[in-house]
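# Breakdown of the fold
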Amino acid sequence: LLGLESASIFECDFNQLHRTTEERFEAFNIEFDEIVDFGVKDGTVSEDYGQSQNTEGRTSFYTAGKNIKSAVFVLSSDKNNPEELMKQYIVILHELGHVSDMENRVNFVSPDIEVDAVKAGWMRKQKGIWTITEEGESALGEYPNPDEFYRECSRLYRKWKQDQVSENGESEESTIEDDAKITFEESEEQAFSEIRAYLESINPYHLQDLVAALLEAMDYHVSWKSPPGKDGGLDIIAWNDPLGTKPPRIKVQVKRRLDNIRVDELRSFIALVNEDEVGIFVTTGGFTKDSEELSRTQERRKITLIDRQKLIDLWVEYNDRLEKDLRDLLPLKPIYFLSPGD
(Lines give C-alpha, C1' and ligand atoms only; values in the text may rest on other atoms or scores of the structure.)
Protein backbone atom coordinates (compact mmCIF):
# COMPACT_ATOMS: atom_id res chain seq x y z
CA LEU A 1 0.00 0.00 0.00
CA LEU A 2 1.31 3.43 -0.97
CA GLY A 3 3.29 4.91 1.89
CA LEU A 4 2.69 2.02 4.27
CA GLU A 5 6.36 1.09 4.69
CA SER A 6 7.41 4.71 5.25
CA ALA A 7 4.78 5.48 7.88
CA SER A 8 4.14 4.32 11.41
CA ILE A 9 0.45 4.02 12.26
CA PHE A 10 -0.84 4.55 15.80
CA GLU A 11 -4.32 4.05 17.24
CA CYS A 12 -5.31 6.63 19.85
CA ASP A 13 -8.33 7.94 21.72
CA PHE A 14 -10.16 11.21 20.98
CA ASN A 15 -8.20 13.31 23.47
CA GLN A 16 -4.85 12.02 22.23
CA LEU A 17 -5.81 12.71 18.63
CA HIS A 18 -6.56 16.36 19.44
CA ARG A 19 -3.37 17.01 21.38
CA THR A 20 -0.45 18.90 19.88
CA THR A 21 1.99 16.97 17.71
CA GLU A 22 4.68 17.04 20.39
CA GLU A 23 2.25 15.78 23.04
CA ARG A 24 1.24 12.85 20.84
CA PHE A 25 4.86 12.03 20.07
CA GLU A 26 5.61 11.98 23.79
CA ALA A 27 2.58 9.78 24.53
CA PHE A 28 3.70 7.19 21.98
CA ASN A 29 7.44 7.47 22.76
CA ILE A 30 8.34 8.69 19.27
CA GLU A 31 11.91 9.91 19.25
CA PHE A 32 12.55 12.80 16.88
CA ASP A 33 15.04 15.55 16.18
CA GLU A 34 12.68 18.05 14.63
CA ILE A 35 9.03 18.24 13.56
CA VAL A 36 8.77 19.07 9.88
CA ASP A 37 6.40 21.74 8.64
CA PHE A 38 4.49 20.58 5.58
CA GLY A 39 3.90 23.49 3.18
CA VAL A 40 1.09 22.88 0.70
CA LYS A 41 0.05 24.57 -2.50
CA ASP A 42 -2.69 26.72 -0.97
CA GLY A 43 0.02 28.58 0.93
CA THR A 44 -0.70 27.16 4.38
CA VAL A 45 1.92 25.53 6.55
CA SER A 46 1.23 22.91 9.20
CA GLU A 47 3.26 20.60 11.38
CA ASP A 48 0.19 18.40 11.87
CA TYR A 49 -1.26 17.74 8.44
CA GLY A 50 -4.98 17.04 8.41
CA GLN A 51 -5.91 19.04 11.49
CA SER A 52 -8.22 21.27 9.45
CA GLN A 53 -9.86 18.34 7.68
CA ASN A 54 -13.03 16.63 8.85
CA THR A 55 -11.35 13.28 9.42
CA GLU A 56 -10.54 11.24 12.47
CA GLY A 57 -6.85 11.05 11.67
CA ARG A 58 -3.68 13.14 11.72
CA THR A 59 -0.38 12.81 9.85
CA SER A 60 2.83 14.34 11.20
CA PHE A 61 6.34 14.41 9.73
CA TYR A 62 9.61 14.52 11.62
CA THR A 63 13.34 13.99 11.28
CA ALA A 64 15.25 11.22 13.01
CA GLY A 65 18.92 11.30 12.09
CA LYS A 66 19.16 12.00 8.38
CA ASN A 67 15.75 10.55 7.56
CA ILE A 68 12.35 12.18 7.27
CA LYS A 69 9.70 9.93 8.77
CA SER A 70 5.95 10.10 9.15
CA ALA A 71 3.53 9.14 11.91
CA VAL A 72 -0.15 8.51 11.20
CA PHE A 73 -2.60 8.74 14.11
CA VAL A 74 -6.14 7.37 13.81
CA LEU A 75 -8.95 6.91 16.30
CA SER A 76 -9.14 3.47 17.84
CA SER A 77 -11.97 1.36 16.49
CA ASP A 78 -14.06 -1.44 17.90
CA LYS A 79 -12.89 -4.34 15.73
CA ASN A 80 -16.27 -6.00 16.27
CA ASN A 81 -18.10 -2.96 14.89
CA PRO A 82 -18.06 -3.09 11.06
CA GLU A 83 -18.98 0.59 10.66
CA GLU A 84 -16.14 1.75 12.89
CA LEU A 85 -13.68 -0.59 11.21
CA MET A 86 -14.70 0.53 7.71
CA LYS A 87 -14.39 4.17 8.68
CA GLN A 88 -10.96 3.54 10.19
CA TYR A 89 -9.83 1.88 6.94
CA ILE A 90 -10.92 4.94 4.98
CA VAL A 91 -9.17 7.32 7.39
CA ILE A 92 -5.93 5.30 7.21
CA LEU A 93 -6.00 5.35 3.41
CA HIS A 94 -6.71 9.08 3.46
CA GLU A 95 -3.85 9.78 5.85
CA LEU A 96 -1.42 7.59 3.91
CA GLY A 97 -2.16 9.83 0.96
CA HIS A 98 -0.49 12.62 2.93
CA VAL A 99 2.63 10.47 3.22
CA SER A 100 2.72 10.29 -0.58
CA ASP A 101 2.21 14.07 -0.70
CA MET A 102 5.28 14.63 1.43
CA GLU A 103 7.31 12.46 -0.91
CA ASN A 104 5.98 14.23 -4.02
CA ARG A 105 5.46 17.72 -2.55
CA VAL A 106 1.81 17.93 -3.55
CA ASN A 107 -1.33 18.77 -1.69
CA PHE A 108 -3.82 16.00 -0.89
CA VAL A 109 -7.37 17.13 -0.30
CA SER A 110 -9.16 14.75 -2.64
CA PRO A 111 -12.17 12.84 -1.29
CA ASP A 112 -11.49 10.00 -3.77
CA ILE A 113 -11.38 7.15 -1.26
CA GLU A 114 -14.62 8.33 0.38
CA VAL A 115 -16.29 8.60 -3.05
CA ASP A 116 -14.98 5.16 -4.01
CA ALA A 117 -16.47 3.55 -0.90
CA VAL A 118 -19.87 5.13 -1.54
CA LYS A 119 -19.96 4.25 -5.24
CA ALA A 120 -18.74 0.73 -4.45
CA GLY A 121 -21.90 0.37 -2.38
CA TRP A 122 -19.99 -0.22 0.84
CA MET A 123 -20.84 2.97 2.70
CA ARG A 124 -23.52 5.63 2.80
CA LYS A 125 -22.81 9.15 3.97
CA GLN A 126 -25.31 11.80 5.00
CA LYS A 127 -24.37 15.05 6.73
CA GLY A 128 -20.94 13.68 7.57
CA ILE A 129 -22.35 10.53 9.16
CA TRP A 130 -21.10 7.23 7.74
CA THR A 131 -23.24 4.10 7.67
CA ILE A 132 -21.95 0.74 6.49
CA THR A 133 -24.02 -1.36 4.09
CA GLU A 134 -24.41 -5.14 4.05
CA GLU A 135 -22.01 -5.23 1.10
CA GLY A 136 -19.53 -3.20 3.14
CA GLU A 137 -19.70 -5.66 6.04
CA SER A 138 -19.01 -8.51 3.62
CA ALA A 139 -16.07 -6.60 2.13
CA LEU A 140 -14.45 -6.19 5.56
CA GLY A 141 -14.45 -9.94 5.99
CA GLU A 142 -13.36 -10.70 2.45
CA TYR A 143 -10.60 -8.06 2.27
CA PRO A 144 -9.04 -7.72 5.74
CA ASN A 145 -5.81 -6.36 4.24
CA PRO A 146 -6.08 -2.57 3.62
CA ASP A 147 -4.21 -2.87 0.33
CA GLU A 148 -6.65 -5.47 -1.04
CA PHE A 149 -9.55 -3.50 0.41
CA TYR A 150 -8.49 -0.33 -1.42
CA ARG A 151 -7.89 -2.09 -4.74
CA GLU A 152 -11.31 -3.75 -4.71
CA CYS A 153 -12.96 -0.51 -3.65
CA SER A 154 -11.29 1.32 -6.54
CA ARG A 155 -12.21 -1.47 -8.98
CA LEU A 156 -15.88 -1.24 -8.05
CA TYR A 157 -15.78 2.53 -8.42
CA ARG A 158 -14.28 2.22 -11.91
CA LYS A 159 -16.98 -0.31 -12.81
CA TRP A 160 -19.66 2.09 -11.55
CA LYS A 161 -18.10 4.87 -13.62
CA GLN A 162 -18.03 2.71 -16.75
CA ASP A 163 -21.67 1.76 -16.21
CA GLN A 164 -22.57 5.44 -16.04
CA VAL A 165 -20.79 6.07 -19.31
CA SER A 166 -22.53 3.09 -20.94
CA GLU A 167 -25.95 4.29 -19.84
CA ASN A 168 -25.55 8.00 -20.44
CA GLY A 169 -22.58 8.35 -22.75
CA GLU A 170 -19.40 10.20 -21.81
CA SER A 171 -20.06 13.91 -21.75
CA GLU A 172 -18.86 17.10 -20.20
CA GLU A 173 -22.23 17.37 -18.47
CA SER A 174 -21.78 14.08 -16.58
CA THR A 175 -18.32 15.20 -15.41
CA ILE A 176 -19.77 18.48 -14.19
CA GLU A 177 -22.53 16.62 -12.34
CA ASP A 178 -19.96 14.34 -10.65
CA ASP A 179 -17.88 17.37 -9.62
CA ALA A 180 -21.01 19.14 -8.37
CA LYS A 181 -21.99 16.17 -6.22
CA ILE A 182 -18.52 15.98 -4.67
CA THR A 183 -18.61 19.75 -4.02
CA PHE A 184 -22.05 19.43 -2.41
CA GLU A 185 -20.94 16.55 -0.17
CA GLU A 186 -17.76 18.35 0.83
CA SER A 187 -19.69 21.54 1.64
CA GLU A 188 -22.29 19.63 3.64
CA GLU A 189 -19.62 17.81 5.59
CA GLN A 190 -17.66 21.02 6.22
CA ALA A 191 -20.79 22.76 7.48
CA PHE A 192 -21.62 20.00 9.96
CA SER A 193 -17.98 19.88 11.04
CA GLU A 194 -18.16 23.56 11.98
CA ILE A 195 -21.50 23.10 13.76
CA ARG A 196 -20.05 20.15 15.68
CA ALA A 197 -17.01 22.22 16.72
CA TYR A 198 -19.32 25.02 17.88
CA LEU A 199 -21.36 22.66 20.05
CA GLU A 200 -18.23 21.03 21.47
CA SER A 201 -17.04 24.40 22.80
CA ILE A 202 -20.36 26.01 23.74
CA ASN A 203 -20.81 27.26 27.29
CA PRO A 204 -22.69 24.51 29.19
CA TYR A 205 -25.33 26.96 30.44
CA HIS A 206 -25.83 28.34 26.93
CA LEU A 207 -26.34 24.74 25.80
CA GLN A 208 -28.96 24.36 28.53
CA ASP A 209 -30.68 27.53 27.29
CA LEU A 210 -30.50 26.18 23.73
CA VAL A 211 -32.30 22.95 24.69
CA ALA A 212 -34.90 24.87 26.70
CA ALA A 213 -35.54 27.17 23.72
CA LEU A 214 -35.90 24.16 21.45
CA LEU A 215 -38.48 22.59 23.78
CA GLU A 216 -40.46 25.84 23.80
CA ALA A 217 -40.33 25.93 19.98
CA MET A 218 -41.74 22.38 19.99
CA ASP A 219 -44.73 23.67 22.04
CA TYR A 220 -43.58 22.36 25.42
CA HIS A 221 -43.54 24.68 28.42
CA VAL A 222 -40.35 24.99 30.44
CA SER A 223 -41.11 25.57 34.09
CA TRP A 224 -37.60 25.31 35.52
CA LYS A 225 -33.97 25.53 34.46
CA SER A 226 -31.10 24.61 36.73
CA PRO A 227 -29.20 27.65 38.05
CA PRO A 228 -25.36 27.63 37.96
CA GLY A 229 -23.87 25.11 40.35
CA LYS A 230 -24.70 21.52 41.18
CA ASP A 231 -27.94 20.45 39.55
CA GLY A 232 -28.54 17.04 41.10
CA GLY A 233 -28.70 15.45 37.67
CA LEU A 234 -31.56 17.54 36.24
CA ASP A 235 -31.18 20.62 34.07
CA ILE A 236 -34.68 21.33 32.78
CA ILE A 237 -38.25 20.51 33.76
CA ALA A 238 -41.03 20.97 31.20
CA TRP A 239 -44.72 20.26 30.80
CA ASN A 240 -47.32 19.90 28.05
CA ASP A 241 -49.26 22.97 29.20
CA PRO A 242 -48.36 26.36 30.70
CA LEU A 243 -49.71 25.53 34.19
CA GLY A 244 -48.11 22.10 34.46
CA THR A 245 -51.44 20.35 34.96
CA LYS A 246 -51.24 17.90 32.06
CA PRO A 247 -48.98 14.91 32.57
CA PRO A 248 -46.43 13.70 31.95
CA ARG A 249 -43.80 15.86 33.54
CA ILE A 250 -40.65 15.99 31.39
CA LYS A 251 -37.24 15.82 33.02
CA VAL A 252 -34.20 16.75 30.95
CA GLN A 253 -30.48 16.32 31.44
CA VAL A 254 -28.10 18.21 29.15
CA LYS A 255 -24.44 17.28 28.74
CA ARG A 256 -21.76 19.00 26.68
CA ARG A 257 -19.59 16.05 25.78
CA LEU A 258 -17.11 14.96 23.11
CA ASP A 259 -17.43 11.24 23.84
CA ASN A 260 -20.38 8.87 24.23
CA ILE A 261 -22.63 8.75 27.28
CA ARG A 262 -21.96 5.49 29.14
CA VAL A 263 -24.68 3.19 30.38
CA ASP A 264 -23.92 3.91 34.06
CA GLU A 265 -24.44 7.64 33.43
CA LEU A 266 -27.78 6.96 31.79
CA ARG A 267 -28.82 4.70 34.70
CA SER A 268 -28.13 7.55 37.12
CA PHE A 269 -30.44 9.81 35.10
CA ILE A 270 -33.17 7.18 34.77
CA ALA A 271 -33.19 6.82 38.55
CA LEU A 272 -34.46 10.42 38.73
CA VAL A 273 -37.37 9.75 36.37
CA ASN A 274 -40.55 8.40 37.93
CA GLU A 275 -42.76 5.86 36.19
CA ASP A 276 -45.33 8.47 35.14
CA GLU A 277 -42.69 10.87 33.77
CA VAL A 278 -40.67 11.28 30.60
CA GLY A 279 -36.89 11.54 30.60
CA ILE A 280 -34.88 13.24 27.84
CA PHE A 281 -31.10 12.99 27.79
CA VAL A 282 -29.40 15.48 25.46
CA THR A 283 -25.70 15.39 24.62
CA THR A 284 -23.39 17.05 22.10
CA GLY A 285 -21.65 13.69 21.80
CA GLY A 286 -23.33 10.33 21.39
CA PHE A 287 -24.45 7.27 23.32
CA THR A 288 -22.85 3.87 23.69
CA LYS A 289 -24.74 0.88 22.32
CA ASP A 290 -25.43 -0.27 25.89
CA SER A 291 -27.00 3.11 26.64
CA GLU A 292 -29.20 2.93 23.56
CA GLU A 293 -30.28 -0.58 24.48
CA LEU A 294 -31.12 0.49 28.05
CA SER A 295 -33.33 3.32 26.82
CA ARG A 296 -35.18 1.01 24.41
CA THR A 297 -35.91 -1.62 27.03
CA GLN A 298 -37.52 0.69 29.58
CA GLU A 299 -41.04 -0.66 30.16
CA ARG A 300 -42.42 1.81 32.71
CA ARG A 301 -40.58 4.98 31.74
CA LYS A 302 -40.24 6.75 28.41
CA ILE A 303 -36.60 7.66 27.89
CA THR A 304 -35.61 9.65 24.81
CA LEU A 305 -31.98 10.05 23.77
CA ILE A 306 -30.93 13.06 21.70
CA ASP A 307 -27.38 12.97 20.38
CA ARG A 308 -25.53 15.72 18.55
CA GLN A 309 -26.94 14.89 15.12
CA LYS A 310 -30.52 14.68 16.37
CA LEU A 311 -30.09 17.95 18.26
CA ILE A 312 -28.89 19.70 15.09
CA ASP A 313 -31.72 18.21 13.03
CA LEU A 314 -34.34 19.38 15.55
CA TRP A 315 -32.80 22.85 15.75
CA VAL A 316 -32.98 23.15 11.96
CA GLU A 317 -36.54 21.79 11.82
CA TYR A 318 -37.92 24.18 14.46
CA ASN A 319 -35.64 27.16 13.76
CA ASP A 320 -38.39 29.31 12.29
CA ARG A 321 -40.41 28.96 15.52
CA LEU A 322 -37.64 30.34 17.70
CA GLU A 323 -37.44 33.94 18.83
CA LYS A 324 -34.80 35.80 16.84
CA ASP A 325 -32.50 36.36 19.81
CA LEU A 326 -32.71 32.67 20.77
CA ARG A 327 -31.59 31.58 17.30
CA ASP A 328 -28.20 33.07 18.14
CA LEU A 329 -27.65 30.25 20.62
CA LEU A 330 -26.82 28.15 17.55
CA PRO A 331 -26.73 30.59 14.63
CA LEU A 332 -27.38 28.82 11.34
CA LYS A 333 -27.86 30.16 7.83
CA PRO A 334 -29.19 28.01 4.98
CA ILE A 335 -27.20 27.83 1.75
CA TYR A 336 -28.88 26.46 -1.35
CA PHE A 337 -27.26 24.07 -3.85
CA LEU A 338 -28.61 22.62 -7.04
CA SER A 339 -29.52 19.13 -5.87
CA PRO A 340 -27.00 16.64 -7.31
CA GLY A 341 -28.40 13.52 -8.95
CA ASP A 342 -27.73 10.06 -7.47
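For the structure given in this document, a descriptive report is provided here.

Calculation notes
- Residues numbered from 1 in each chain as written.
- Predicted model: local features only at pLDDT ≥ 70, side-chain atom pairs only at ≥ 80, totals over all residues.
- Heavy atoms only, no water.
- Pairing = 2+ DSSP bridges.
- Helix = DSSP H or I, 4+ residues; strand = E, 2+ residues; numbered from the N terminus.
- Axes fitted to C-alpha atoms, helices over the stretch in contact; angles between N-to-C directions.
- Contact = heavy atoms within 4.5 Å.
- Phe/Tyr/Trp six-rings, centres within 6.5 Å; stacked < 30°, edge-to-face > 60°.
- Buried < 20%, exposed > 50% of the residue type's maximum accessible area, 1.4 Å probe, protein only.
- Parallel < 35°, antiparallel > 145°, perpendicular 65-115°, else oblique.
- Left-handed = near helix turned anticlockwise from the far one by under 90°.
- Nonpolar A, V, L, I, M, F, W, Y, C, P; charged D, E, K, R; others polar.
- Core = buried A, V, L, I, M, F, W, Y, C linked by side-chain atoms within 4.5 Å.
- Salt bridge = Lys/Arg side-chain N within 4 Å of Asp/Glu carboxyl O.

### Topic: the sheet that holds strand β10 (residues 236–239)
Reading across from one edge, β9-β10-β11-β13-β15 is the order of the five strands in this open sheet, with mixed pairing throughout. Among the strands making up the open sheet, the edge pair consists of β9 (221–225) and β15 (302–306). The average undirected angle you get between the axes of adjacent strands in this sheet is 20°. Strands β11 (250–255), β13 (278–283) and β15 of the sheet are contacted by helix α9 (residues 263–270), whose axis makes an angle of about 145° with β13.

### Considerations on the sheet that holds strand β6 (residues 67–75)
Ordered in space as β1-β6-β5-β2, the four strands form an open sheet in which the pairing is mixed. Edge positions in the open sheet fall to β1 (7–12) and β2 (34–36), since each of these has one partner strand only. Adjacent strand axes in the sheet meet at a mean angle of 35°, parallel and antiparallel pairs treated alike. The pairing of strand β5 (residues 57–64) with β6 spans eight bridges and is antiparallel. Within β6, the position partnered with T63 by the bridge is I68.

### Focus: the packing of aromatic side chains
Any aromatic ring pair is given by two values, namely how distant the centres are and how the planes are angled relative to each other. In total, this model carries nine aromatic pairs according to the counting rule given. When the ring of F25 is compared with that of F32, the centres are 5.2 Å apart and the planes differ by 75°; the resulting orientation is edge-to-face. Overall, F32 belongs to the partly exposed group, its relative accessible area being 30%. Taking 5.5 Å as the distance between ring centres and 85° as the angle between the ring planes, the aromatic pair formed by F269 and F281 counts as edge-to-face. Linking F269 in helix α9 with F281 in strand β13, this pair joins segments that are twelve residues apart in sequence. Grouping residues by exposure puts F269 and F281 together as buried.

### Topic: the packing of helix α8 (residues 204–217) against helix α11 (residues 308–317)
Any two packed helices are characterised by the angle at which their axes cross and by the distance between the axes. Between α8 and α11, the shortest axis-to-axis distance is 10 Å and the interhelical angle comes to 50°. Of the possible angle classes, the one that applies to α8 and α11 is oblique. For the crossing formed where α8 meets α11, the hand is left-handed. Along its contact with α8, which presents L207, L210 and L214, the element α11 presents L311, L314 and W315. Grouping the amino acids of the contact of α8 with α11 by side-chain chemistry returns six nonpolar, no polar and no charged.

### Some details on the nonpolar core
By size, the foremost hydrophobic cluster in this structure holds 29 residues, and its most contacted members are L210, V211, V252, I280 and V282. At the level of elements, α7 (172–201), α8, β10, β11, β13 and α11 are the ones that each hand at least two residues to this core. Sort the elements by how many residues they give to this core and α8 lands first, with eight residues. Here I280 is in contact with L215, I250, K251, V252, Q253, F269, T304 and I306, once residues within four sequence places are set aside. Core analysis: the second largest hydrophobic core is formed by 16 residues, L85, L93, Y143 and C153 among them.

### Thoughts on the environment of S8
The topology assignment puts S8 in strand β1. Counting along the chain gives 63 residues from S8 to A71, while the straight-line C-alpha distance between them is 4.9 Å. Sequence-distant contacts of S8, that is, excluding residues within four places in its chain, are made with S70, A71 and V72.

### Here we look at the pattern of salt bridges
Under the defined criterion, the tally for this structure stands at 13 salt bridges. The closest approach of N and O atoms between E11 and K79, which form a salt bridge, is 2.8 Å. Here K79 lies in the loop between β6 and α3 (82–104) and E11 lies in strand β1, a separation of 68 residues in the sequence. On the basis of relative accessibility, which here comes to 38%, the residue E11 falls in the partly exposed class. E265 is paired through a salt bridge with R262; the nearest N and O atoms lie 3.6 Å apart. On the basis of relative accessible area, E265 is assigned to the buried category, the value being 18%. Salt bridges sharing common partners tie together R257, D259, R262, D264 and E265.

So, to be careful, I would describe these as geometric facts and stop short of saying anything about function.
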